[in-house]
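# Structural overview
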Amino acid sequence: MAETPPEFLAASLKGLCPRCGAQTLFAGVLQFSKTCPKCGLNFEKFNVGDGASAALILLIGTVFVALAIIVQLSFSPPFWVHIILWVPLATAATILSLRGTKAAMLYLEYRNDAGEGRTG
Ligand SMILES: [Zn+2]
């Protein structure tokens, strides 16, 4: 059984196992599975941490503030329009991009054999 490892971009966007390419990386919205049910790769030994979060929040915050200013200057909507527009959109953008970067970091750790120190 020849399993082809997934491409970096596909693995990051879809949450694929970096070894077998099955869509098994996430058990929840932002929670990794413990192991890949298909090939048995242990996801828990990879520690991607929260390094991407701060940069993402700054980036997403900048984009959405710019969008909000454009909408305000173009349409002058009432304030509640901004609330129902930006809160769900920014939340969705944050979760989706966090998923992508977490998957990307795990993929890179797997590819480069990085991870916590092991004996043997
Ligand atoms: Zn797998």
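Look up: the structure comes first, before these words.
Keep in mind the model is a prediction, meaning the values are calculated, not measured.

The rules behind each value
- Residues numbered from 1 in each chain as written.
- Predicted model: local features only at pLDDT ≥ 70, side-chain atom pairs only at ≥ 80, totals over all residues.
- Heavy atoms only, no water.
- Phe/Tyr/Trp six-rings, centres within 6.5 Å; stacked < 30°, edge-to-face > 60°.
- Helix = DSSP H or I, 4+ residues; strand = E, 2+ residues; numbered from the N terminus.
- Buried < 20%, exposed > 50% of the residue type's maximum accessible area, 1.4 Å probe, protein only.
- Lys NZ or Arg CZ within 6 Å of the ring centre and 35° of its normal.
- Core = buried A, V, L, I, M, F, W, Y, C linked by side-chain atoms within 4.5 Å.
- Contact = heavy atoms within 4.5 Å.

## Some details on the packing of aromatic side chains
This structure, assessed with the given rule, holds four aromatic pairs. Taking the centre distance of 5.4 Å and the plane angle of 55° together, the rings of phenylalanine 8 and tyrosine 107 count as tilted. Residue phenylalanine 8 is found in helix H1 (residues 8–14), and its partner tyrosine 107 is found in helix H3 (residues 79–111); the two are separated by 99 residues along the sequence. When the centroid spacing of 5.9 Å and the interplanar angle of 70° are considered together, the rings of phenylalanine 64 and tryptophan 86 count as edge-to-face. Residue phenylalanine 64 is found in helix H2 (residues 51–75), and its partner tryptophan 86 is found in helix H3; the two are separated by 22 residues along the sequence. You can call tryptophan 86 buried: its relative accessible area is 14%. The aromatic ring of phenylalanine 26 is capped on one face by arginine 99, whose charged end is 4.2 Å from the ring centroid. In this arrangement the basic side chain of lysine 102 is found over the ring face of phenylalanine 32, its NZ or CZ atom lying 5.0 Å from the centre.

## Describing the nonpolar core
Cys17, Leu25, Phe32, Cys36, Leu41, Phe43 and Leu106 are the most contacted members of the largest nonpolar core, which has 13 residues in total. Apart from residues no more than four positions distant in its own chain, leucine 106 is found in contact with Pro18, Leu25, Phe32, Phe43, Phe46 and Val48. Counting residues in hydrophobic clusters, the runner-up holds eight residues, among them Ala52, Phe64, Val71 and Leu98.

## Examining unusual backbone geometry
The backbone of serine 76 shows a phi angle near 45°, a positive value even though the residue is not glycine. Mapped onto the elements of the fold, serine 76 is located in the loop between H2 and H3. Of the residues examined, serine 76 reaches a relative accessible area of 52% and is grouped as exposed.

Read these as geometric descriptors, not functional statements.
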